[in-house]
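# Observations on chain architecture
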Amino acid sequence: AGERVSLRVGFTPPADADAFELVALGPRGFDFSTAGFQLEAQDDGADDPFAATTTTTTTIGFDTTTTTTTTTVAPEILYALSTTIRVSSVIQQGIAFAGVFSNVLLPRDGGDSIFSLYIFRFGQEARVGEKLNIPAFAVPRLITLTDVEITNDFSVPEVARQYPVESRLPKRFLDLCVVHLSFKLNENVTMSDKENVTMAIRAPQGYETQRHPDDVTQRFVVVSEQTWDGLVVIPSEEFRVREGGRFVARTIRGNMYEGVPYQIDVTVRAPTFEAAEQVRLACLEASFTAGCDNQWSVQLITEEALLADKDPRSTGVAPDFTFVDNSSHSVGALQRSPETVIEVEIWLNSVGRGLTNELAVYAPEGFRFMSDCLAPGFDSPYFGSCRERYRKFGSIIYSGALVNLGEGGLSPEDVPVMVKLSVLTPPVTPKRNDWYFLLSLRGVDTAWGRVLNPVTILHMDAIASYAPLKNSIVDITITFTVFYPVPPRGYVRVTAPPGYNLTCDGFRKGSLPGIFGGDRGERVTCATEDATIPPGAVNQMLVQLDVPGETVAMPLDIMEADGILPPASGDVVLYGPWALNRGRYSFAFSGRTPPDTPAVEDNVWRIFLLDSEKRNVDGSNQVTAEVLSSTVAISSFQLSWSLASPGSMVDLGLTFRIELPILPELRVAIIQIDYPDGFQQGVRKPSDVILHTSRMPVEKWSWIADQASLWLHIRPNATIPNGTFAVSFAAITPSRTVGMPVPNQFVVSLCEDFPWCEYPVLQAPVAGFGYGTTGQGGEIPEETMNQAAQGGNAAVGAAAWSVLALLAAGFVLL
């Protein structure tokens with residue numbers, strides 16, 4: 001195989017003809033482009049059938065002279081392609097014709113050869129004779145290729161699990177690839193221990209062999225299913241490359257046996273589009289067929305032949321592979337909330353070198369495109385429709401968007417263009433957060449690309465704060481920051497970890513707009529039963545913001561997100577009306593904690609903002625929950641207060657239930673009460689603090705004029721008995737300018753030291769209150785609150801103490 005030889009052709013024509021044509025059908029790789037042709041000599045004494053006789057008759061007066069001239073017509077090659085050659089010659093019906101082709105290049109691959117023969121008559125369109133699929137001779141073959149496969153670098157077994165999508169997409173021009181060539185020998189090849197044979201791979205034109213980046217040696221491996229054959233690959237310094245990197249060889253030692261399956265893996269860099277196109281055109285053009293090099297070959301060659309640059313006889317060949325283009329894309333999203341339908345902007349920056357009429361977008365695991373996935377209101381002449389389509393890559397099923405690119409498709413001249421798609425985000429950012437884009441034309445893949453980590457899930461800033469006590473009734477304050485405004489009649493959905501029991505008892509709207517329990521159109525309501533809350537799900541709550549909202553103007557730079565340009569609409573973007581504009585909000589309610597801390601994976605709060613149709617606007621499913629403790633057993637924290645006006649003195653009452661005695665071993669020396677941010681100290685003298693439980697071992701209390709804290713000192717080595725703890729004191733609310741803090745919480749701490757409380761035994765937040773409210777939970781209209789403020793703190797204080805006196809009378813002191 002791979003040698004230049006002479007071929008004899010002979011036939012008896014069924015009709016007179018002026019030319020014949022020989023076509024080599026197989027094996028692939030015959031080359032007649034440099035061949036010559038000569039008629040076979042006649043040695044049987046017969047008349048030369050290829051001679052032409054010319055008779056000339058001349059008449060002068062009454063004399064006639066006849067002259068006969070015999071000439072031999074030399075055959076002429078009319079054209080010669082790689083597999084086809086046509087020769088003109090005298091061809092006479094029924095007379096045997098024979099000739100010899102010289103300098104014919106045999107295929108590198110071996111096997112039985114097959115030809116077809118045609119004869120022609122000049123001036124006639126049709127052939128005057130043919131003989132099809134003529135079996136001829138066997139081209140020698142030592143190596144038979146049984147399978148040839150190419151995989152991109154992502155398909156290498158040790159990394160394929162990490163790249164399930166890339167490893168299953170088409171191979172691209174200039175990709176780093178691994179070619180797997182499986183073969184068998186048709187006879188044994190035996191060598192002594194001192195003999196070496198070179199195993200070589202010859203790639204088609206345009207390829208370049210590579211040293212694999214994950215290997216210290218070149219990925220040129222000869223393997224066999226028979227481990228006993230003793231085949232050894234000589235170390236990497238024997239690795240040789242020539243012909244521009246297309247030819248790679250490595251010396252091997254050992255015996256190779258007939259019929260044993262072998263495989264060679266070699267790493268290559270795929271050709272450029274231009275190189276592959278040059279080979280394709282060369283194989284089509286007759287004048288360049290000699291340069292058509294589009295086959296892979298496996299060669300078993302001696303050292304001498306390798307050094308002499310000779311083609312070996314022992315060669316097996318296979319056709320080349322096809323590749324697709326690399327496409328370029330950009331992805332961005334203005335909103336990236338979890339479990340929310342968002343709009344994703346996808347830019348097609350390049351689509352390869354040809355026309356494409358379909359785009360498949362595959363989002364990371366957890367994302368899901370809508371069934372009609374074009375974003376509402378999006379319109380473009382380049383994009384006709386979009387539908388969701390799932391596709392399995394390995395063991396993972398990806399949601400895809402199949403985008404029809406319109407009647408005319410999309411050409412390289414049309415890009416860049418942008419499409420907006422609607423997609424439901426996952427709860428968290430996937431570990432592998434890459435987006436893939438596959439372009440095709442009438443079902444045939446043309447290009448693909450990927451974008452790494454373009455859309456990361458951003459969770460709303462939210463906190464759930466409460467006393468970390470097991471099986472206790474506690475105040476729970478939910479604090480969150482609104483970035484994506486909530487429309488009118490929107491909701492806040494709160495889901496506690498399993499085992500919690502949420503109630504609307506003691507609900508305080510905090511900084512939410514509207515009035516709790518007010519008239520429709522301005523009220524805030526709390527519910528633990530709703531059509532969207534599963535029956536028995538006592539750990540869920542829905543807060544409705546039944547307020548009309550207001551319109552605000554936002555600067556553009558606030559709305560910018562990574563990779564997305566803001567809309568070109570002037571200096572501001574108008575928003576609204578919104579029930580919740582941008583800002584920080586909090587509200588509080590009561591709940592019972594479970595007997596034990598939930599499992600780590602379940603111990604999170606889910607807090608989501610919803611629109612009027614109860615669709616997610618923003619939220620977080622990763623709000624940290626407390627790790628519950630049973631070091632102390634305390635529950636039922638309650639706070640009462642007098643009418644709260646801006647910048648006024650408010651009298652406060654704090655109670656909680658001690659379920660089990662607190663022993664001296666816990667070293668509780670101080671009960672510390674910290675006021676919310678912005679509050680000021682209202683205690684001026686010891687009598688401003690009243691302890692309503694005589695059994696509690698409190699020996700004194702202390703305060704600092706410019707610090708909003710109160711310390712109750714426990715007698716040394718005393719046991720704090722079970723029972724109700726109640727204390728009243730005073731504080732000054734923040735001014736209207738300062739405003740109520742968010743979150744608005746008093747914090748009760750059981751401390752070992754004073755005054756820093758560096759190692760608290762317990763810290764228990766207790767929900768605060770807002771302007772215009774009283775300790776009984778109602779709200780007072782703002783004008784009434786202003787009148788109370790003008791009446792002076794004394795009147796407010798007197799009313800407050802009467803409230804506290806009533807509360808104290810109701811205490812059960814144990």
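Residues numbered from 1 in each chain as written. Predicted model: local features only at pLDDT ≥ 70, side-chain atom pairs only at ≥ 80, totals over all residues. Heavy atoms only, no water.

## Some points on the overall build of the protein
A tally of helices and strands in the protein yields six helices and 53 strands. Among the 814 residues that make up the protein, the fraction classed as buried is 49%. Of the contacts formed within the protein by residues at least 6 apart in sequence, a portion of 74% connects residues at least 24 apart. About 38400 Å² of surface is accessible on the protein, with carbon and sulfur atoms providing 51% of the total. (Helix = DSSP H or I, 4+ residues; strand = E, 2+ residues; numbered from the N terminus. Buried < 20%, exposed > 50% of the residue type's maximum accessible area, 1.4 Å probe, protein only. Contact = heavy atoms within 4.5 Å. Areas by Shrake-Rupley, 256 points an atom, 1.4 Å probe, with all protein chains shown as cover.)

## Re helix H2 (residues 273-284)
Since the α-helix advances by 3.6 residues per turn, residues separated by three or four positions end up pointing in the same direction. Look at H2: 17 Å from first C-alpha to last across twelve residues, which is about the 16 Å you get at 1.5 Å a residue. Taken together, the buried positions of H2 are Ala275, Val279 and Ala282. Looking down the long axis of H2, one finds its buried residues gathered within 65° of arc, a one-sided arrangement. (Expected span 1.5 Å × (residues − 1). Arc of directions from axis to C-beta.)

## Side note on the nonpolar core
Grouped together as the largest cluster of nonpolar side chains are 76 residues, with contacts concentrated most on Phe480 and Trp605. Each residue touching Phe480, except ones within four places of it in the same chain, is listed here: Met460, Asp461, Ala462, Val492, Leu512, Leu580, Gly583, Arg584, Tyr585, Phe587 and Leu609. Residues Phe367, Val415, Val417 and Val423 belong to the second largest nonpolar core, which totals 34 residues. (Core = buried A, V, L, I, M, F, W, Y, C linked by side-chain atoms within 4.5 Å.)

## Some points on the confidence of the model for the protein
Considering every residue of the protein, the mean pLDDT works out to 81; 77% of them sit at 70 or more. Confidence drops under pLDDT 50 across residues 286-291; counting only partners more than four residues distant or on other chains, this segment forms ten contacts. With pLDDT under 50 throughout, residues 777-814 is counted as low confidence; its partners more than four residues away or in other chains account for 50 contacts. (pLDDT = per-residue confidence, 0-100.)

## Focus on the sheet that holds strand E29 (residues 417-424)
The sheet built from four strands is open, its strands ordered E23-E24-E29-E26 with antiparallel pairing. The strands lining the two open edges of the sheet, one partner per strand, are strand E23 (328-332) and strand E26 (368-374). Averaged over all adjacent pairs, the angle separating strand axes in this sheet is 35°, with direction ignored. Bridge count between strand E24 (residues 341-350) and E29: eight bridges; the pairing is antiparallel. The partner of Ile342 across the bridge, within E29, is Val423. (Pairing = 2+ DSSP bridges. Axes fitted to C-alpha atoms, helices over the stretch in contact; angles between N-to-C directions.)

## Here's the deal with the pairing of strand E2 (residues 17-26)
In terms of residue burial, E2 counts as a mostly covered element, since nine of its ten residues are buried. Pairing of E2 with strand E7 (residues 84-91) involves six bridges; the strand directions are antiparallel. Within E7, the residue paired with Leu22 across the bridge is Ile85. Bridging between E2 and strand E9 (residues 111-120) involves seven bridges; their strand directions are antiparallel. Counterpart to Val23 in the pairing with E9 is Ser116.

## Re the pattern of salt bridges
Overall, the coordinates contain 21 salt bridges when judged by the stated rule. Across the pair Arg432 and Glu166 runs a salt bridge whose closest N-O atoms are separated by 2.8 Å. A residue pair is termed long-range when its members are at least 10 positions apart, and Arg432 in the loop between E29 and strand E30 (434-441) and Glu166 in the loop between helix H1 (157-160) and strand E12 (176-185) qualify at 266 residues. The exposure class assigned to Glu166 is buried, which follows from its relative accessible area of 0%. (Salt bridge = Lys/Arg side-chain N within 4 Å of Asp/Glu carboxyl O.)

## Comments concerning the environment of Ala731
Summarising the element assignment, Ala731 is placed in strand E51 (residues 723-732). Not counting chain neighbours up to four residues away, the residues in contact with Ala731 comprise Ser648, Met649, Val650, Leu652, Tyr675, Phe679, Gln680 and Gly682.

## Looking at the side chain of Thr773
With respect to the helices and strands, Thr773 occurs in the loop between strand E53 (762-767) and helix H5 (782-790). Among the polar contacts listed, one links the side chain of Thr773 to the backbone oxygen of Gly770, at a separation of 2.6 Å. (Polar contact = N/O pair within 3.5 Å; in protein donor to acceptor, adjacent residues only side chain to side chain.)

## Observations concerning the environment of Thr631
Structurally, Thr631 is set in the loop between strand E43 (616-624) and strand E44 (634-641). The exposure class assigned to Thr631 is partly exposed, which follows from its relative accessible area of 44%. Taking the C-alpha atoms as reference points, Thr631 and Val761, 130 residues apart in sequence, are found 7.7 Å from one another. Once residues within four sequence positions are removed from consideration, Thr631 is found in contact with Leu666 and Val761. There is a polar contact of 2.9 Å between the side chain of Thr631 and the side chain of Ser629.

## Some points on the sheet that holds strand E27 (residues 385-393)
The strands that make up a sheet pair up through hydrogen bonds in the backbone, lying either parallel or antiparallel. The sheet built from six strands is open, its strands ordered E22-E31-E30-E25-E28-E27 with mixed pairing. Because the sheet does not close on itself, it has two edges, and the strands there are strand E22 (325-326) and E27.

## Section: unusual backbone geometry
Omega for the bond connecting Gly26 with Pro27 falls within 30 degrees of zero, at -5°, which places this linkage in the cis form. Within the fold, Pro27 resides in the loop between E2 and strand E3 (36-39). In this chain, Val415 is followed by Pro416 through a cis amide linkage whose omega measures 5°. Of note, Asn103 is a non-glycine position whose phi angle comes to about 60°, a positive value. Its location among the elements puts Asn103 in strand E8 (residues 97-105). Of note in the backbone geometry, Asn471 takes a positive phi value of approximately 50° without being a glycine. Along the polypeptide, Asn471 turns up in the loop between strand E32 (462-465) and strand E33 (473-482). The exposure class assigned to Asn471 is partly exposed, which follows from its relative accessible area of 43%.

## Details of the state of the cysteines
Under the criterion given, the structure shown has three disulfides. Covalently, Cys373 is tied to Cys386 through a disulfide, its sulfur atoms 1.8 Å apart. Because the sign of the S-S torsion sets the handedness, a value of about -95° for the bond joining Cys373 and Cys386 places this disulfide among the left-handed ones. Placement of Cys373 in strand E26 and of Cys386 in strand E27 is noted, with a sequence separation of 13 residues between them. Taking relative accessible area as the criterion, Cys373 reaches 0% and is therefore assigned buried. Take Cys386: its relative accessible area is 6%, and that puts it in the buried class. Two residues share a disulfide in this structure: Cys504 and Cys526, whose sulfurs sit 2.0 Å from each other. Across the S-S bond linking Cys504 and Cys526, the dihedral sits near -80°, which makes this disulfide left-handed. Residue Cys504 is found in strand E35 (residues 501-508), and its partner Cys526 is found in strand E37 (residues 523-527); the two are separated by 22 residues along the sequence. (Disulfide = S-S within 2.5 Å.)

## Observations regarding the packing of aromatic side chains
Summed over all chains, the structure comprises 41 aromatic pairs. Summarising the aromatic geometry, the rings of Phe173 and Phe273 are spaced 5.6 Å apart at their centres and angled 85° between planes, so their arrangement reads as edge-to-face. Of this pair, Phe173 sits in the loop between H1 and E12 while Phe273 is found in helix H2, placing the two residues 100 residues apart along the sequence. The exposure class of Phe173 is buried, given its relative accessible area of 16%. (Phe/Tyr/Trp six-rings, centres within 6.5 Å; stacked < 30°, edge-to-face > 60°.)

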